[in-house]
Amino acid sequence: MSHDATPFPPPPKPTIAWWRTHGFLLGLGVAVLLGFVLPAPGARGGVLHAGLVTNFGIALILFLQGLSLALEQIRSGAANWRLHLVIQGFTFVVFPVVAW
């Protein structure tokens, strides 16, 4: 058995097509680098108002996710009202009573 053989092939090098399909990964890396190099705009009291950007960003993500649902999926989920009632009861009655 020779020691020259490696058990795993080297990973493929990212190409333009790979970066196009993984644009979120590229954007995430750019955002991290920008936050490292220029932290002031996102800091407390900064130009971006981090609390507002975060809240609106989360709302936008959830809204766009909801738009991607098929109308039939929404109808079938809303029809399960007993499950929704149990979840709401635990969230707003049982958990606060236990935490108190």
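Bear in mind that the values here come from a model prediction, so they are computed numbers and not experimental data.

Visitor: Looking at this structure, how should I read the overall build of the protein chain?
Guide: A count of helices and strands for the protein chain gives five helices and zero strands. Projected onto its principal axes, the C-alpha positions of the protein chain cover 65 × 45 × 35 Å. Counting only residues that meet the buried cut, the protein chain has 1% of its 100 residues in that class. Entry remark: accessible area of the protein chain is about 9600 Å², with carbon and sulfur atoms responsible for 75%.

Visitor: Would you explain the confidence of the model for the protein chain in this entry?
Guide: Note that predicted coordinates carrying low pLDDT should not be read in detail. Counting all residues, the mean pLDDT for the protein chain is 88, and 94% of those residues have values of 70 or more. Per-residue pLDDT, averaged within each element of the protein chain, yields its smallest value for helix α1 (residues 16-21) (81) and its largest for helix α5 (residues 81-99) (95).

Visitor: What is the right way to look at the environment of His49 in this model?
Guide: Among the secondary structure elements, His49 is positioned in the loop between α2 (23-37) and α3 (50-67). Taking the relative accessible area as the measure of exposure, His49 reaches 48% and is therefore partly exposed. Here the alpha-carbon distance between His49 and Trp81, two residues 32 residues apart in the chain, equals 38 Å.

Visitor: So what exactly am I meant to see when it comes to a nonpolar patch on the surface here?
Guide: A cluster of nonpolar side chains, Trp18, Trp19, Phe24, Leu25, Leu26, Leu28, Val30, Val32, Leu34, Phe36, Val37 and Leu38, forms an exposed patch at the surface whose accessible area comes to about 1200 Å². Listed by contribution, the elements that provide at least two residues to the nonpolar patch are α1 and α2. Of the residues forming the nonpolar patch, the biggest block, nine residues, is contributed by α2. By the element assignment, Val30 lies in helix α2.

Visitor: When you look at the environment of Leu62 in this model, what are you seeing that I'm missing?
Guide: Structurally, the position occupied by Leu62 is in helix α3. Counting along the chain gives 46 residues from Leu62 to Ile16, while the straight-line C-alpha distance between them is 30 Å.

What counts, and at which threshold
Residues numbered from 1 in each chain as written. Predicted model: local features only at pLDDT ≥ 70, side-chain atom pairs only at ≥ 80, totals over all residues. Heavy atoms only, no water. Helix = DSSP H or I, 4+ residues; strand = E, 2+ residues; numbered from the N terminus. Buried < 20%, exposed > 50% of the residue type's maximum accessible area, 1.4 Å probe, protein only. Areas by Shrake-Rupley, 256 points an atom, 1.4 Å probe, with all protein chains shown as cover. pLDDT = per-residue confidence, 0-100. Patch = residues over 30% accessible without salt bridge, like charges linked within 9 Å, V, L, I, M, F, W, Y side chains within 5 Å. Salt bridge = Lys/Arg side-chain N within 4 Å of Asp/Glu carboxyl O.

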